[in-house]
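# Topology and contacts: notes
This is what each chain is made of:
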Protein chains: 2
Amino acid sequence: MQTSRSSGSYVSHLECSRTGERVEHDRVHGLSASGAPLLVRYDLNRMKADLDRDLICSRTADMWMWRAFLPLDAETQPVSLGETMTPLIPAGGGIMIKDEGRLPTGSFKARGMAVAVSMARHFGKTELAVPTAGNAGAAAAAYGAAAGMNVNVFTPEDTPKVTVQEIVLHGADVYQVPGLIDTCGKIVRAITATETGWHDLSTLAEPYRLEGKKTMGLELAFQFGWSLPDVIYYPTGGGTGFIGMWKAFQELRHLGWIDGKLPRMVSVQTHGCNPIKLAFENGQDDVEEPFSPVTTVVPGVRVPKPLGGRLIIEVLRASEGHACAVSDDEVMRAQAQIAAQQGINLCPEGAACLAAHALDVAAGKTGPEETAIIFNTATGFKWPMPDVKPSAASRALVERYMGQIGR
Amino acid sequence: MQTSRSSGSYVSHLECSRTGERVEHDRVHGLSASGAPLLVRYDLNRMKADLDRDLICSRTADMWMWRAFLPLDAETQPVSLGETMTPLIPAGGGIMIKDEGRLPTGSFKARGMAVAVSMARHFGKTELAVPTAGNAGAAAAAYGAAAGMNVNVFTPEDTPKVTVQEIVLHGADVYQVPGLIDTCGKIVRAITATETGWHDLSTLAEPYRLEGKKTMGLELAFQFGWSLPDVIYYPTGGGTGFIGMWKAFQELRHLGWIDGKLPRMVSVQTHGCNPIKLAFENGQDDVEEPFSPVTTVVPGVRVPKPLGGRLIIEVLRASEGHACAVSDDEVMRAQAQIAAQQGINLCPEGAACLAAHALDVAAGKTGPEETAIIFNTATGFKWPMPDVKPSAASRALVERYMGQIGR
């Protein structure tokens with residue numbers, strides 16, 4: 001068995017999420033032989049013997065405090081842009097907003113890309129390709145720039161302008177695709193199969209973005225003093241973070257660092273693209289058909305058939321969670337309301353979670369006294385804000401005082 | 001003497017920055033009787049006796065770990081939106097970027113407003129007014145919303161659209177003024193003198209924004225293990241953070257928490273508005289005339305006559321620092337270059353500091369081996385990015401593969 005003694009990490013092997021087949025972790029892999037995501041497995045017993053939780057907690061509060069839970073070996077320098085621990089902002093009624101907009105490139109995608117790009121560099125890759133609804137492409141572009149790699153980003157034609165501009169700002173080549181992220185993904189798979197050396201960074205089609213996203217779960221455990229909150233609302237496009245957090249909780253439980261009940265995991269989508277909700281409520285084990293037609297404007301949930309559908313549904317069942325869908329109107333109202341009433345600028349995906357929580361409390365699915373984590377997966381600045389016209393009253397007041405101050 | 005035993009903070013009094021006159025801190029003040037900024041003074045001897053540096057360092061890494069250095073008494077609940085410690089990102093050649101874009105509302109203004117709005121609420125204020133080049137208004141709007149206050153923001157007509165939208169999003173009333181921030185400031189002073197109860201949040205015209213900004217200096221000392229870096233590049237509009245950091249260093253030195261040489265403080269402006277550089281290099285003690293005409297497009301330095309000019313120049317002299325000016329072209333080039341080469345999305349004010357550092361290294365004013373802090377005062381998302389058109393090559397590649405995947 002390949003142990004971390006030789007690799008310098010605690011990784012023992014990669015494992016097919018469908019068949020359990022083991023593969024070595026010392027080379028590049030995409031999906032497993034059966035076409036399923038590969039999961040990184042660690043020598044948890046040795047971690048349990050080696051790791052000192054208090055020592056880890058005393059480190060600088062960023063993603064790399066969890067280095068022992070990550071696949072980078074001791075010689076692999078992380079590609080880092082300052083992945084600080086994200087805050088929990090109390091927002092009334094048991095709600096805590098986990099604000100992932102504070103990360104590099106303004107989104108949670110930084111976590112996965114920091115690890116995936118570090119590993120790609122470790123394996124000698126120099127040219128990356130990624131399909132994206134926007135934020136993953138921006139993060140790939142930034143981390144690729146930091147690593148001195150070429151990055152090719154495939155994104156739907158209707159991706160928000162700010163994100164496309166951001167991708168180009170970071171020096172990546174952007175390819176606008178007529179279609180959704182699944183079409184982008186097919187193009188990336190076709191290209192990486194033919195163009196020499198392009199490395200496919202599609203989420204769950206390589207094993208390391210999931211590991212980066214896992215740190216969301218590790219942080220939550222730390223921030224709650226190793227006793228987890230009641231329920232987690234997470235916007236589910238590809239679902240990598242959803243799967244990753246649950247993986248983190250299992251690993252922490254094996255180490256004995258947490259005990260008690262784990263949170264109920266709530267997958268949040270919109271009516272205009274809710275394949276997970278449909279599959280879960282129909283008792284299916286995976287998303288069988290792509291959701292169609294996709295009508296939601298919320299970019300992060302425009303994923304008609306997530307590659308990790310089976311894993312997402314497993315987490316919903318194991319955590320006794322559920323799937324929730326809201327309307328785009330409910331998203332926009334929640335976003336406007338919390339900005340005006342509490343000063344918090346959520347992305348639409350975060351606002352969807354807030355709206356879902358309100359529906360669940362009204363329906364009795366979530367208790368009003370329960371501690372509920374709302375994942376705000378990106379900064380509100382990446383989403384167009386309404387245009388502004390000064391009111392007549394404001395213009396009149398300015399005019400009056402301009403006279404008074406002698407201008 | 002009013003001590004912290006009665007107030008629950010370590011504040012002893014407020015002091016006129018020009019005459020040294022003492023005033024009590026248990027009521028609302030604007031400028032001193034002589035028209036100068038009031039500085040908050042603490043009972044540093046009692047702090048030295050009471051405070052345990054290691055205990056403070058073990059707290060959650062955010063602004064409130066420094067609560068003993070802030071004016072809030074024990075009963076005053078901070079108005080908080082998650083003011084996490086901002087990261088230092090290594091950017092090659094001794095450069096560390098202090099990324100203040102990670103704070104609420106995406107800028108360093110959150111620090112000052114968190115404290116000023118908390119104190120305004122403590123004093124029973126419910127209606128705020130602030131002149132701003134943009135970011136301070138956005139922060140005032142957000143913290144005002146969080147505190148349940150009405151906020152009136154006076155901003156130049158040419159303030160970047162994203163920031164004006166953000167101010168409105170947070171429910172504030174925005175007043176667009178023909179002129180620069182000094183005209184906005186005059187209107188706010190005229191209004192707060194007449195409209196009953198509006199509280200003037202102009203920087204340095206109230207004593208508490210400076211205290212919030214001071215936490216930048218406290219964080220740096222902590223992050224560098226109580227041995228400060230060689231030189232700090234800071235974009236100087238109003239200069240509150242520049243003055244605040246120096247104040248922090250003095251307080252820390254009094255406590256014996258730092259020793260050795262303090263950093264050289266470099267004030268960075270652009271050729272299109274550099275009143276501090278002109279006054280400092282002419283040997284003046286203050287900015288005497290407003291800089292005119294203001295032609296720079298960098299919003300944060302469009303301050304023709306900062307209220308704290310005297311204090312900024314004192315810091316330049318005391319720290320053996322200097323003032324630097326760069327062109328708008330140099331700013332834009334630095335911004336594009338670091339984004340494409342290192343994956344870091346700076347605001348123009350941060351890019352100005354990076355450009356100034358490069359000029360100083362070339363001129364031998366800063367050693368290439370010296371540790372230099374570049375303050376990135378806001379996220380790059382608040383500044384318009386160049387428009388993007390997909391290249392012909394990218395369109396051709398997408399078309400080719402669309403055929404191949406059967407779409």
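Before reading on, note that the structure itself is shown above.
These notes cover the structure that comes with them.

Moving on, we come to helix H8 (residues 208-223) of chain A. The end-to-end C-alpha distance of H8 of chain A, which contains 16 residues, comes to 24 Å, matching closely the 22 Å that a straight helix rising 1.5 Å per residue would cover. With 14 of 16 residues buried, H8 of chain A is to be regarded as a mostly interior element.

Attention now moves to the sheet that holds strand E1 (residues 11-16) of chain B. Residue and element names in this part refer to chain B. Taken together, 3 strands build an open sheet; the order of strands is E2-E1-E3 and the sheet is antiparallel. Both outer strands of the open sheet, strand E2 (22-23) and strand E3 (38-42), are each paired with one neighbouring strand and no more. Note: E1 against E2, 2 bridges, orientation antiparallel. Bridge assignment links Leu14 to a residue of E2, and that residue is Val23. In this fold helix H8 (residues 208-223) packs onto E1 and E3, with an angle of close to 60 degrees to the strand it touches most, E3.

Applying the stated criterion across every chain yields a total of 3 cavities of 30 Å³ or more. By volume, the largest cavity is sized at about 450 Å³. In terms of lining, the largest cavity is formed by 35 residues, of which the most central are Gly101, Arg102 and Thr379 of chain A together with Gly101 and Thr379 of chain B. Considering only residue class, the lining of the largest cavity consists of 13 nonpolar, 17 polar and 5 charged.

A rotation about an axis combined with a shift along that same axis relates the two copies of the chain. With an RMSD of 0.0 Å, chain B superimposes on chain A once it is rotated by 180 degrees and translated 0.0 Å along the axis. Expressed as a symmetry operation, the mapping of one chain copy onto the other fits a two-fold axis. The rotation axis passes nearest to the C-alpha of Arg102 of chain B in chain B, at a distance of 2.4 Å.

All names here are of chain B. Along the chain, the position of Leu252 falls in helix H9 (residues 240-255). In this structure the C-alpha to C-alpha distance between Leu252 and Lys48, which are 204 residues apart in sequence, comes to 9.4 Å. In this view, Leu252 contacts Phe69, Gly217, Leu218, Ala221, Trp226, Trp257 and Ile258; residues no more than four positions away in its chain are not counted.

Let's shift gears to the pattern of salt bridges. Scanning the model with the defined rule gives 36 salt bridges over all chains in all. Salt-bridge contacts for Glu281 of chain A lead to Lys277 of chain A; the nearest nitrogen and oxygen are separated by 2.9 Å. Placement of the pair is Glu281 of chain A and Lys277 of chain A together in helix H10 (residues 275-281), with a separation of 4 residues, close to one helical turn. On the basis of relative accessibility, which here comes to 17%, the residue Lys277 of chain A falls in the buried class. In this structure, Glu219 of chain B engages Arg111 of chain B in a salt bridge whose closest nitrogen and oxygen atoms are separated by 3.0 Å.

This part takes up the pairing of strand E5 (residues 95-99) of chain B. Residues and elements named next belong to chain B. In terms of burial, E5 is a largely internal element, 5 of the 5 residues being buried. Neither face of E5 is left uncovered, since the one carrying Ile95, Ile97 and Asp99 and the one carrying Met96 and Lys98 both have all their residues buried. Between strand E4 (residues 88-90) and E5, which follow one another and run antiparallel, lie 4 residues, and Gly92 among them has a positive phi close to 85 degrees. In this structure, E5 lies alongside strand E13 (residues 372-376), joined through 5 bridges in parallel fashion. By the bridge assignment, Met96 is partnered in E13 with Ile373.

Taken together, the contacts link 62 residues of chain B with 62 residues of chain A. A combined buried area of about 5100 Å² lies between chain B and chain A, and 67% of that area is made up of carbon and sulfur atoms. For the chain B face of the interface with chain A, the top three residues by lost area are Arg102, Leu169 and Phe381 of chain B, together amounting to 14%. Where chain B packs against chain A, one counts 2 salt bridges. Across the pair Lys161 of chain A and Asp387 of chain B runs a salt bridge, and its minimum N-O distance is 3.4 Å.

Residue and element names in this part refer to chain B. The geometry of helix H12 (residues 328-342) relative to helix H13 (residues 348-362) is characterised by a closest axis approach of 8 Å and an angle of 100 degrees between their N-to-C directions. By the angle between their directions, the pair H12 and H13 is classed as roughly perpendicular. Contacts from Glu330, Val331, Met332, Ala334, Gln335 and Ile338 of H12 reach H13 at Pro348, Ala351, Ala352, Leu354, Ala355 and Leu359. Across the contact of H12 with H13, the residue classes break down as 10 nonpolar, 1 polar and 1 charged.

In this section: the sheet that holds strand E4 (residues 88-90) of chain A. All names here are of chain A. Ordered in space as E4-E5-E13-E10-E11-E12, the 6 strands form an open sheet in which the pairing is mixed. Each having just a single partner strand, E4 and strand E12 (322-326) make up the two edges of the open sheet. Across the sheet, the axes of successive neighbouring strands diverge by a mean angle of 25 degrees, strand direction being ignored. Examined bridge by bridge, E4 and strand E5 (residues 95-99) share 3 bridges and lie antiparallel to one another. Following the sheet pairing, Ile89 is matched in E5 by Ile97. Here helix H12 (residues 328-342) sits on the sheet in contact with E4, E5, strand E11 (264-270) and E12, set at roughly 85 degrees to E12.

Of the volumes computed, that of the largest pocket is approximately 1500 Å³. As for the largest pocket, its lining consists of 49 residues, of which Thr60, Ala61, Asp62 and Met85 of chain A together with Ala61 of chain B are closest to the centre. Secondary structure elements with two or more residues in the lining of the largest pocket: E4 and H8 of chain A together with E4 and H8 of chain B. Among the elements that make up the lining of the largest pocket, the one with the highest residue count is E4 of chain B (3 residues).

Another point: H12 of chain A. Taking 1.5 Å of rise per residue, 15 residues should cover 21 Å, and H12 of chain A covers 21 Å from first to last C-alpha, within 8% of that figure. The secondary structure elements touched by the buried residues of H12 of chain A are E5, E11, E12 and helix H13 (348-362) of chain A together with helix H5 (135-147) and helix H6 (161-169) of chain B. In the stretch just after H12 of chain A, Gly343 of chain A is the one whose phi turns positive, near 75 degrees.

Procedures and definitions
- Residues numbered from 1 in each chain as written.
- Chains lettered and ligands numbered in written order.
- Predicted model: local features only at pLDDT ≥ 70, side-chain atom pairs only at ≥ 80, totals over all residues.
- Heavy atoms only, no water.
- Helix = DSSP H or I, 4+ residues; strand = E, 2+ residues; numbered from the N terminus.
- Expected span 1.5 Å × (residues − 1).
- Buried < 20%, exposed > 50% of the residue type's maximum accessible area, 1.4 Å probe, protein only.
- Pairing = 2+ DSSP bridges.
- Contact = heavy atoms within 4.5 Å.
- Axes fitted to C-alpha atoms, helices over the stretch in contact; angles between N-to-C directions.
- 1 Å grid on protein atoms, 1.4 Å probe; cavity = no way out; pocket = protein on both sides within 12 Å on 5 of 7 lines; lining within 4 Å.
- Points joined across faces, edges and corners; volume = space filled by probe spheres on them.
- Nonpolar A, V, L, I, M, F, W, Y, C, P; charged D, E, K, R; others polar.
- Least-squares fit on C-alpha atoms with pLDDT ≥ 70 in both.
- Salt bridge = Lys/Arg side-chain N within 4 Å of Asp/Glu carboxyl O.
- Buried area = accessible area lost by both parts, 1.4 Å probe.
- Parallel < 35°, antiparallel > 145°, perpendicular 65-115°, else oblique.

None of the figures reported here should be taken as evidence of function without further support.
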